[in-house]
Structure formats: C-alpha cells, structure tokens
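A structural walkthrough
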Amino acid sequence: MVRNKVLSKFIAILVLCAVAFGCLLSAPSTQVQAASSYDDLVDEKKRLEEEKKKIDQALKEAQGKVDDQKAVQTQISYQIQNIQNQISVLSSQINTLEGQISQKNQEIEEMQARIDENYDLFKKRLRAMYMADDATVLSVLFGSSTFAEFLSAAETTQRVADHDDKLIKEMTAQKQQIEADKAEIEASKQQIEASKAEVMAKNQELNTALSQSQDTLDELKALEKKTQKDRDQIAADLEAADREIEEWLKQNQSTDTPLSPGGWLWPVSGHYRISDGYGWRDLYGKQQFHKGIDIPCGLNTPIRASKGGTVIRANTSSSYGNIVIIDHGGGYSTVYAHNNSLNVVYGQTVNQGDVIAYAGNTGDSYGVHCHFEVRVNGVVTNPLQYVVAAG
Ligand SMILES: [Zn+2]
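These remarks concern the structure in this document. (Residues numbered from 1 in each chain as written. Predicted model: local features only at pLDDT ≥ 70, side-chain atom pairs only at ≥ 80, totals over all residues. Heavy atoms only, no water.)

1. So, the overall build of the protein
Quick reminder of the rule: Only runs of H or I of at least four residues qualify as helices and only runs of E of at least two qualify as strands under DSSP, and these elements are numbered from the N terminus. Each residue's exposure class comes from its accessible area (1.4 Å probe, protein chains only) as a fraction of the maximum for that residue type: buried when under 20%, exposed when over 50%, partly exposed otherwise. We call two residues contacting when some pair of their heavy atoms lies within 4.5 Å.
The secondary structure content of the protein amounts to four helices and 12 strands. Looking at the 391 residues of the protein, the share that counts as buried comes to 33%. For the protein, the share of sequence-separated contacts (at least 6 apart) that also reach a separation of at least 24 residues comes to 72%.

2. Some points on the coordination of the zinc ion
Rule in force here: Sites may look incomplete, because water is not among the atoms used; the donor set itself consists of N, O and S atoms within 2.8 Å of the metal (3.2 Å for Na, K and Ca).
The protein atoms that coordinate the zinc ion are His290 (NE2), Asp294 (OD) and His371 (ND1), at distances of 2.0 to 2.2 Å. Between consecutive donors of the zinc ion, the numbers of intervening residues give the motif H-x3-D-x76-H. Of this pair, His290 sits in strand 2 (residues 286-290) while His371 sits in strand 11 (residues 369-376), and the two are 81 residues apart along the sequence.

3. Topic: the sheet that holds strand 10 (residues 355-358)
Stated formally: Pairing between two strands is assigned when DSSP locates at least 2 bridges connecting them.
Strand order across the open sheet formed by three strands is 4-10-8, with antiparallel pairing between neighbours. Across the chains shown, the open sheet's two edge strands, defined by having one partner strand only, are strand 4 (302-304) and strand 8 (341-342). Of the strand pairs in this sheet, strand 4 and strand 10 are connected by three bridges, and their pairing is antiparallel. Its bridge partner being in strand 10, Pro302 is matched across the sheet by Tyr358.

4. With respect to unusual backbone geometry
Excluding glycine, a negative phi dihedral is what most residues carry, and trans is how most peptide bonds are arranged. In the Ramachandran plot, His338 falls in the positive-phi region, its phi being about 70° despite a non-glycine side chain. You can see His338 is positioned in strand 7 (residues 332-339). A relative accessible area of 5% places His338 in the buried class. Here Asn377, not a glycine, exhibits a phi torsion of approximately 50°, which is positive. By the secondary structure assignment, Asn377 is in the loop between strand 11 and strand 12 (379-381). Since its relative accessible area comes to 44%, Asn377 is described here as partly exposed.

5. Re the nonpolar core
Condition: Among the buried residues, those of types Ala, Val, Leu, Ile, Met, Phe, Trp, Tyr and Cys that are joined through side-chain atoms within 4.5 Å form a nonpolar core.
Counting residues in hydrophobic clusters, the biggest one holds 22 residues, and the most contacted among them are Ile303, Val324, Ile356 and Phe372. Elements represented by at least two residues in this core include exactly strand 3 (293-296), strand 6 (321-329), strand 7, strand 10 and strand 11. The element best represented in this core is strand 11, accounting for three residues. Not counting chain neighbours up to four residues away, the residues in contact with Ile356 comprise Ile303, Arg304, Ala305, Val324, Ile326, Tyr336, Leu342, Asn343, Val344 and Val350.

6. Description of the state of the cysteines
Among covalent bonds in proteins, the disulfide is the one between the sulfur atoms of two cysteines. Spelled out, the test is: The criterion for a disulfide is a pair of cysteine sulfur atoms lying within 2.5 Å.
Per the stated rule, a full pass over the model turns up zero disulfides. Free cysteine: Cys297, not disulfide-bonded; nearest cysteine sulfur from Cys370 at 6.7 Å. Among the residues examined, Cys370 registers a relative accessible area of 0% and is labelled buried.

7. Considerations on the packing of aromatic side chains
The condition that has to hold: The aromatic pairing rule takes the rings of Phe, Tyr and Trp, using the six-membered ring of Trp, and pairs them if the centres are within 6.5 Å, calling planes under 30 degrees apart stacked, those over 60 edge-to-face and the rest tilted. We count a charge as sitting over a ring when the NZ of a lysine or the CZ of an arginine lies within 6 Å of the ring centre and within 35 degrees of the ring normal.
According to the stated counting rule, one finds seven aromatic pairs in the structure shown. Ring centres 5.8 Å apart and planes at 65° place the aromatic pair Trp264 and Tyr332 in the edge-to-face group. Pair noted here: Trp264 is in the loop between helix 4 (147-252) and strand 1 (279-283) and Tyr332 is in strand 7, with a separation of 68 residues, a long-range link. The residues Trp264 and Tyr332 share a single accessibility class, namely buried. For the ring pair Tyr278 and Phe289, a centre distance of 5.3 Å and an interplane angle of 85° mean the geometry is edge-to-face. Placement of Tyr278 in the loop between helix 4 and strand 1 and of Phe289 in strand 2 is noted, with a sequence separation of 11 residues between them. Tyr278 gets classed as partly exposed once you look at its relative accessible area, which sits at 26%. An aromatic cluster of at least three residues, connected via ring pairs, comprises Trp264, Tyr332 and Tyr386. Looking at Lys307, its charged tip hangs above the ring of Trp264, at a distance of 5.1 Å from the centre.

8. Some remarks on the layout of surface pockets
Selection criterion: A cavity here means a set of points on a 1 Å grid, drawn over the protein atoms and nothing else, where a 1.4 Å probe fits but cannot get out; a pocket is an open set with protein on both sides within 12 Å along at least five of seven lines, and a residue lines either one if it has an atom within 4 Å of a point. Grid points are joined across faces, edges and corners, and a volume is the space filled by probe spheres set on the points.
Volume-wise, the largest pocket comes out at about 980 Å³. When contributions to the lining of the largest pocket are tallied by element, the ones reaching two or more residues are helix 4, strand 1, strand 2, strand 5 (309-317), strand 7 and strand 11. Top contributing element to the lining of the largest pocket by residue count: helix 4, with seven residues.

9. As for the pairing of strand 6
In regular strands, side chains alternate between the two faces of the sheet. The buried fraction of strand 6 is high, at nine of nine residues. Where strand 5 and strand 6 come together, seven bridges link them in antiparallel fashion. For Val311, the partnering residue across the bridge sits in strand 6 and is Ile326. Adjacent in sequence and paired antiparallel, strand 5 and strand 6 are bridged by three residues. The hairpin formed by strand 6 and strand 7 contains two residues between the paired strands, and Gly330 there has a positive phi angle of roughly 65°.

10. Some points on the pairing of strand 2
In this sheet, strand 2 lies alongside strand 1 in antiparallel orientation, the contact comprising five bridges. Residue pairing across strands places Trp280 opposite Phe289, the latter belonging to strand 2. The hairpin turn running from strand 1 into strand 2, its antiparallel successor, is two residues long, and Tyr284 in that turn takes a positive phi close to 50°.

11. As for the pattern of salt bridges
The line we're drawing: Take a side-chain nitrogen of Lys or Arg and a carboxyl oxygen of Asp or Glu: if they are within 4 Å of each other, that pair is a salt bridge.
Under the definition given, this model contains 21 salt bridges. For the salt bridge of Glu49 with Lys45, the shortest nitrogen-to-oxygen distance reads 3.5 Å. Here Lys45 and Glu49 lie together in helix 2 (residues 30-131), a separation of four residues that amounts to about one turn. Take Glu49: its relative accessible area is 25%, and that puts it in the partly exposed class. The closest approach of N and O atoms between Lys169 and Asp165, which form a salt bridge, is 3.1 Å. Of this pair, Lys169 and Asp165 both sit in helix 4, four residues apart, which is roughly one turn of that helix. The exposure class of Asp165 is partly exposed, given its relative accessible area of 32%. The network of salt bridges with shared partners includes Lys45, Glu49, Asp242, Glu246, Arg313, Glu373 and Arg375.

Structure below.
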C-alpha cells in the first residue's frame, strides 16, 4: 500500500504541537520545512525551465528574423547589381552618342568652312566680273564678234553665277541635314540620359534600402546575441538548480531511519543485460564517470522500486530526464533515470517492486534504457554490489 508519509508525519507533529502547546501555529517540524524547501527548489527549476522554453522560442524567432533579413539583403544586392549593369550599358550608349555628336560637330564645321570658302570665291568672281571694272565686263560681253557669242558670254557669266549659287545652296542644305542628324542624336542622348537618371534614382533608393536593411540586420544580430547569452545564462541556472536539488537530497537523506528490510530487487524485470557499467568510460573520446548501470529495454517497460522507501525526487532533469529517487533509509537511496513517464510523486511511500516509472529516452540518453544508481549517504556506488541481474 502506498501512503503519503510526509503528510502523515506533518499531521502527527501538528497534533503533537496542539497537545504540547495548545496551539496549531507553533514552529513546524524540520521535515515539513525541508519538504517545502525541496518544493521551492523544484518550483524554481520549473520556472527556469519555462523561462528557458520562452528564450528558446525567442532565439528561434530572432534567428528566423536574421535569416529573413539576410534574404532581403541578398535580394536588394541582386537588384543593385542589375541596376549597375543597366547604368553601365546606358553610360556606354551615352558615350557612343557623344562621339557621334562630336563627329557631327566636326562635319558641320568643315561644311561651314567650305561654304565660307566658296562664298568668298563666288564673291571674288562676281566682283571681278561686274564690279571691279565695268569696261572689262563690257569688253567680255561686247568683245563678242557675233550676237550669239555675246549671248553665250552673258549666259556663261550667268551660269558661273548660278553654279556657285547652286553649290553654296547644296552645301548649306547638306549642313542643315547634318545639323538635323545631330539634333536627332542629341534627342536620343537626352532620352537615354533621362533613363539613366531614373535608373540612378532607383540605384540610390536601393542603396538606402540596403543600408537600412544592414541597420536592421545589425539590430537583429545584437538581439540574437543577447538572447543567446540569456539562453546560456538560463542553462547555467538550470544546472545550478539541478545541483541544488542534488545537494538538498544529500543533506536531507534520512540516515536516522534504518535501511528498509529485505534484499534488493533488479529494477527492470525481464531485462538483465547491462549496456554500460558503473565507473570510468570513454564517451565520444571523452573520459566520463558513469554513476550507475544502464539497462536497455523497450519503451514504457515498467521500472520497479528496488527496495521500499520514500520518493524524495520525482521530476525532470536536463541530464537525467524524468527521474525518480527513492530514499530507503540508513543513508541509502536509488536513482531511476531517463524514464518516459513517472508513476509516483514526491513524498510518496513505495514498497519494493512497485512500478515507479516507465522506461524512456529522456534527458542525455541515446536509446531507451533505465539508468540505475545506488547512493550511500548521497555518494554513488557500484549498484552490482547490491542488485543481481536476475529475475
Ligand atoms: Zn547511465
């Protein structure tokens, strides 16, 4: 039969107090004080575990945000690369057009020079023919022996004038054509310059976005770092809480009560193989002291109390997983770790053979097994000095 030993003791002491002092509010027993202290430790550990869960979640979120922001940055950088390629293409187009424009300018200049030159010649010829000396012109005209010759001379003079005039007009027309071409090129250049300005503005925008994204990323990384630090702190706090609980158990183990009678029972009936023995072992190249024996078995195999006693620990540890410790009196206790679930609570009295837990793979465990320890005055000892691997 399972009784709550602590509660019954508490009531007995309260009754004793009431009898002795006629008062129910006198000093509580050390047993009760110790129990509440243990509960405080366990509560504190639970609180830390809850906090760790929150921090783990926050860390996951922070890491997710950092990754998202990195993706945003990659996208922006890709766009900037794209835009810079466009800018370089447009700049090269503008360069080409500027080359063409300067070519046209040169052609215009040359054409103008030719026009000026021809115009000068034309003017000289006209002056020579009509203005320099009337008599000479007349003699050219009237020197003709026949009227036909006269007409021919006059016509020739006119033709020379016409030819020069036509030549200058043609050259002027050519020059105008070149100027029109140049204007067209300048218009294209302006269009491309407008496009380039647009692309440059976009580039500016993207660079601003990139720099903002970098600021955000820096902030997020700082947050991630801080959260990581919080997480390390809480992990250290949890380890400290575990050590405190262990220490409490060492201090409060009942050495005053005698060791419960009878022998020691193998904790996992039907499973007698030991996969890892007590003592120093090599774990992934690191020397480690194994505090108990590992008994592999199937998931949810019943784990039994090796001896009768009181449950002094029934909770979860980061390393031991779901753990039960039974105080057997006389300074002896047994430990059952990595359970899938527990079947007892703190303070409960158990008899030898009672199912206290179901085997699992919780805590620092690689495969379903029962980690079994025997402690004497809180110090681990080889369990095989007590239990025998047999049914
Ligand atoms: Zn083990």
